[in-house]
Amino acid sequence: MSANTASQLPGPQALTGDTPATPAAPAEPGGDPLPRAEALPGLPGTLTARARTLTGAVRRRLTTLAEIESPSGDAERLNQLAEELATGYRATGATVRREPGPAGDHLLLEWPGRHEDLPHLLFVGHHDTVWPVGTLADWPVLEHDGVLSGPGVLDMKAGLALLEGAFALLGDLGMRPHRSVRMVITADEEVGSPDGRRVVERQLRGAAAVLGLEPPHEDGSLKTARRGSTRVRLMVTGHEAHAGNHAEDGTSAVDELVDQLVEIRDQLGHQPGTELNTGRIRGGTRANVVAGQAEAELGLRFSTPEAQASTLDTLAHLTAHRSGALVTTEVLSSRPAWPERHEDNQLLQHVRLLAATFGQQLDGAPAGGAGDTNLAGARGLPTLDGLGAVGAGAHARDERIKLDQLAPRLALLAGLLAAPLPGLLGRRR
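Residues numbered from 1 in each chain as written. Predicted model: local features only at pLDDT ≥ 70, side-chain atom pairs only at ≥ 80, totals over all residues. Heavy atoms only, no water.

Peer 1: I'm lost on the sheet that holds strand β2 (residues 106–111) in this one. Help?
Peer 2: Within a sheet, neighbouring strands are paired by backbone hydrogen bonds and run either parallel or antiparallel to one another. Here six strands make up an open sheet; going across it, the order is β1-β2-β6-β3-β7-β14 and the pairing mixed. What marks the edges here is a single partner per strand, and that holds for β1 (95–99) and β14 (383–384). (Pairing = 2+ DSSP bridges. Helix = DSSP H or I, 4+ residues; strand = E, 2+ residues; numbered from the N terminus.)

Peer 1: Could you clarify how one ought to interpret the pairing of strand β8 (residues 222–226) in this entry?
Peer 2: Each regular strand shows side chains that alternate between the opposite faces of the sheet. β8 sits mainly inside the fold: five of its five residues count as buried. Relative to strand β13 (residues 364–367), β8 runs parallel, the two being bridged by three bridges. Bridge pairing in β13 links Leu 222 to Gly 364. (Buried < 20%, exposed > 50% of the residue type's maximum accessible area, 1.4 Å probe, protein only.)

Peer 1: I keep staring at the nonpolar core and nothing clicks. Help me out?
Peer 2: Proteins that are soluble and globular tend to have nonpolar side chains buried together. Counting 69 residues, the largest nonpolar core has Tyr 89, Leu 109, Phe 123, Met 183 and Ile 401 as its most contacted members. Considering each element in turn, this core owes the most residues, twelve residues, to helix α5 (residues 153–172). Each residue touching Tyr 89, except ones within four places of it in the same chain, is listed here: Ala 94, Leu 109, Trp 111, Leu 160, Leu 163, Glu 164, Met 183 and Ile 185. Counting 17 residues, the second-largest nonpolar core is a separate cluster that includes Ile 264, Leu 298, Leu 300 and Val 327. (Core = buried A, V, L, I, M, F, W, Y, C linked by side-chain atoms within 4.5 Å. Contact = heavy atoms within 4.5 Å.)

Peer 1: Is there a simple way to think about the sheet that holds strand β5 (residues 147–149) in this case?
Peer 2: In spatial order, the strands read β4-β5-β16-β15; together these four strands make up an open sheet with antiparallel pairing. Of all the strands in the sheet, just β4 (142–144) and β15 (391–392) have a single pairing partner and so form its edges. Relative to strand β16 (residues 400–402), β5 runs antiparallel, the two sharing three bridges. In the sheet register, Ser 149 faces β16, and the bridge partner there is Arg 400.

Peer 1: I tried to follow the pattern of salt bridges on my own but got confused; where do I start?
Peer 2: For side chains bearing opposite charge, pairing can occur when the charged atoms are close. Going through the model one piece at a time under the given rule, you end up with 30 salt bridges. Residues Arg 61 and Glu 164 are paired through a salt bridge, measuring 3.1 Å at the closest nitrogen-oxygen approach. On the criterion of sequence distance, the pair formed by Arg 61 in helix α2 (residues 43–66) and Glu 164 in helix α5 is long-range, its members being 103 residues apart. We note that Arg 61, like Glu 164, is buried. A salt bridge links Arg 202 to Glu 99; its shortest N-O distance comes to 3.0 Å. With Arg 202 in helix α6 (residues 196–204) and Glu 99 in strand β1, the pair connects residues that are 103 residues apart, well separated along the chain. Note on Arg 202: relative accessible area 43%, which makes it partly exposed. Relative accessible area serves as the criterion here: at 11%, Glu 99 is assigned to the buried category. (Salt bridge = Lys/Arg side-chain N within 4 Å of Asp/Glu carboxyl O.)

Peer 1: Hey, could you run me through the side chain of Thr 186 in this one?
Peer 2: With respect to the helices, strands and loops of the structure, Thr 186 is situated in strand β6 (residues 181–186). Engagement of the side chain of Thr 186 in a polar contact is seen with the side chain of Asp 372, the distance being 2.9 Å. For Thr 186, the residues in contact, after removing those within four places along its chain, are His 106, Gly 125, His 126, His 127, Asp 128, Ser 193, Gly 196, Val 200 and Asp 372. (Polar contact = N/O pair within 3.5 Å; in protein donor to acceptor, adjacent residues only side chain to side chain.)

Set out below in structure tokens:
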């Protein structure tokens, strides 16, 4: 999907609102015109038609990306995929920088825009998946009955292929984005972005808006808020002893851990805005040895910053029930809650209006899961997620995307790149 100039089409001037065929929609003070159809003469039809011709290339690109297995923590495979992605994005005009991380390189990409004095538009995504190496052996990437299925196709390699396709589409038409665009692709999002968080946060400063390429809700709706999430390791140290001859000399770390988990579940079950999942437990060595070590990994979800702070404070002050036992906790990764804002969501309005010019109906709703867009939304930056492919089954063996929804999403992404942002979102620095 390299950028090659195509047929005679509306030039960049038609996208700026400077000399439109009809008056542009009104702008708020200091902002850009709203994306009504008359402000974008001919563009929606042009992008829609071109998107249909590029759908096959996007589908093939997605298959290539999905066939490079990239589980979280596997730096070698993640770096192989990062290089593949870098090659594809460079072909669309991006400058690419690799940011080394302990579990694989993150990518920072940047495209110049027609108005370099405007704040940048930031996209966020990730190239790690939840699927272990070898998954493709019995679950290959396959197309059937109008869907493409396979490990990682929905979450979120389709989003990466779509944005590459959107830039290629604009390049084919001889167009550039309205403003400069940056993108961060993290290598550790599926485990909470413990290192990738720093790369995302550095790009938030000065951003006009932040858009996530995660999959949308199953009906195609965008994600307007996300719960916070934290992974906590709960560790217990006991004292080993012979379980038959000298059990009284030991302190069971496993028994202590079980009691702690029951108590934590009871406590958090009565705390509004908090959900707990005990995701992994291990401990002990043999059935005839009193366990000296045990640990659990907890997955926590929070509806509000207050619930998050209260829960983490509770876990930081656990005390052992048994003499000789030591209980400690470690935060492995954490994302702040991105709460729903009930006042007018100007960015959602912008995307809905723009989608309507393409003949698409689009809405938004909060999401239960967390992602890297939490980092922007929690700060109050204009943020939307879910601009990746429409489908279902993330993190499940029926993960899939709807192929007939690729072209509409591709056209919308290209439109978001080309069109001005409305009102205060587009305020000049």
